[in-house]
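# Inside the fold
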Amino acid sequence: MKQYLELANKIITEGTWVDNERTGKRCLTLINADLTYDVDEGKFPLITTRKSYYKSAIAEMIGYIRGYDSAAQFRQIGTKTWDANANQNQAWLSSPYRKGEDDCGLIYGKIARNFPKPDGGSVDLLRKIYNDLRSGIDDRGEIYTFYHPGAFHMGCLRPCMYSHHFSLLGGKLYLNSTQRSCDVPLGLNFNMVQVYFLLAIMAQITGHKPGKAYHKIVNAHIYEDQLELMQNVQLKREPFNSPSLKINPQIKTLEDLETWVSVDDFEVENYEFHDPISYPFSV
Ligand SMILES: Nc1nc(=O)c2c([nH]1)NC[C@@H]1CN(c3ccc(C(=O)N[C@@H](CCC(=O)O)C(=O)O)cc3)CN21
Ligand SMILES: O=c1ccn([C@H]2C[C@H](O)[C@@H](COP(=O)(O)O)O2)c(=O)[nH]1
């Protein structure tokens with residue numbers, strides 16, 4: 001939590017204004033940030049200086065695990081976060097690859113669960129990692145990547161948090177997640193939850209204790225229309241202690257995650273937070 005506030009503060013004090021062509025807005029931008037989450041200590045990195053909708057963030061990650069490609073599927077499991085990118089992004093609306101209302105195209109898990117091989121066929125990256133980790137194998141390449149530049153024109157948005165690299169060491173499971181572009185007021189609020197969740201749930205279904213999760217961000221930014229709220233509202237508030245995330249212990253396999261699991265299998269305990277803040281969203 002403190003790390004989040006320090007990053008937001010650093011962007012404001014040291015950031016550089018950059019014009020962004022895709023959104024038509026300016027962003028106060030900083031290159032390089034490293035956040036660490038103590039999954040081993042159960043410290044859930046949920047923002048407390050405003051109300052955070054962690055279930056929506058978890059739903060998004062469940063959709064990436066399942067390989068969803070439609071905003072309707074994401075809505076059905078509890079998040080509206082893909083509505084705007086699927087249905088309001090001009091470049092995507094005029095793409096011949098868009099299959100109609102709510103289609104997101106080749107995004108995130110849709111590509112990674114069926115990653116095309118240059119010599120034909122495809123690989124299910126998550127299944128391979130899951131099978132390895134369950135057998136105690138870390139081949140130094142347990143990487144769930146969504147990054148396929150050859151498919152960018154077939155999806156509504158390039159992946160932002162695009163790589164999750166798992167490692168086994170001393171009986172514990174670790175995660176290094178990498179993000180190329182980060183909307184600190186809106187997206188990061190979700191991404192911190194997602195990195196923690198992904199390590200905690202993968203540890204649970206592969207039978208390992210979780211260690212730390214390391215989150216690398218390259219381009220961290222605040223959009224011009226979010227700056228006032230961040231600077232004069234959110235950063236003026238005192239954070240509360242981190243809550244904890246309770247995960248249904250009945251979730252035991254990848255198949256469970258792919259089939260019956262819902263956001264109701266996840267609850268936070270001891271979550272104290274300040275009033276919600278509605279940050280503007282840029283499509
Ligand atoms: N400009 C931009 N920022 C993002 O963070 C972002 C994108 N685009 N496009 C793809 C996804 C979609 N994400 C989103 C989209 C919306 C919210 C959002 O509106 N959050 C609100 C309310 C959430 C709710 O009620 O469930 C919030 O206050 O956090 C957050 C992340 C993250 N990503
Ligand atoms: O998980 C996510 C997804 C998206 N974002 C933000 C980062 C940027 O503000 C936009 C994506 O725009 P690009 O032009 O493709 O970089 O969405 C995020 O923070 N987290």
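Residues numbered from 1 in each chain as written. Chains lettered and ligands numbered in written order. Predicted model: local features only at pLDDT ≥ 70, side-chain atom pairs only at ≥ 80, totals over all residues. Heavy atoms only, no water.

### Regarding the environment of P249
- Following the sequence through the fold, P249 ends up in the loop between strand 9 (244-247) and helix 10 (254-258).
- Taking the relative accessible area as the measure of exposure, P249 reaches 58% and is therefore exposed.
- Separated by 45 residues in the primary sequence, P249 and Q204 place their C-alpha atoms 8.1 Å from one another. (Helix = DSSP H or I, 4+ residues; strand = E, 2+ residues; numbered from the N terminus. Buried < 20%, exposed > 50% of the residue type's maximum accessible area, 1.4 Å probe, protein only.)

### What to know about the site of ligand 1
- Lining the immediate surroundings of ligand 1 are 15 residues, of which R50, N85, D183, G187 and S282 lie closest.
- N85 places a side-chain nitrogen or oxygen 2.8 Å from a nitrogen atom of ligand 1.
- The contact in question runs from a nitrogen atom of ligand 1 to an N or O atom on the backbone of S282, over 2.9 Å.
- Protein chains bury 78% of the 660 Å² of accessible surface belonging to ligand 1 in isolation.
- Of all the secondary-structure elements, those providing two or more residues to the shell around ligand 1 are helix 2 (54-66) and helix 8 (187-206).
- Here the element with the most residues in the shell around ligand 1 is helix 8; it accounts for 3 residues.
- In terms of residue class, the shell around ligand 1 is built from 6 nonpolar, 6 polar and 3 charged. (Near = heavy atom within 4 Å. Polar contact = N/O pair within 3.5 Å; in protein donor to acceptor, adjacent residues only side chain to side chain. Areas by Shrake-Rupley, 256 points an atom, 1.4 Å probe, with all protein chains shown as cover. Nonpolar A, V, L, I, M, F, W, Y, C, P; charged D, E, K, R; others polar.)

### Examining the environment of A71
- Tracing the backbone through its elements, the reader meets A71 in helix 3 (residues 71-76).
- The buried category is assigned to A71, whose relative accessible area is 0%.
- Residues A71 and W82 lie 11 residues apart in sequence; the distance between their C-alpha atoms is 5.0 Å.
- Leave out the neighbours within four places in its chain, and A71 touches W82, D83, A86, D102 and C104. (Contact = heavy atoms within 4.5 Å.)

### Points about unusual backbone geometry
- Backbone geometry at D102 places phi at a positive 75°, although glycine is not the residue there.
- Among the structural elements, D102 can be located in the loop between helix 5 (90-93) and helix 6 (108-112).
- Assessed through its relative accessible area of 7%, D102 is described here as buried.

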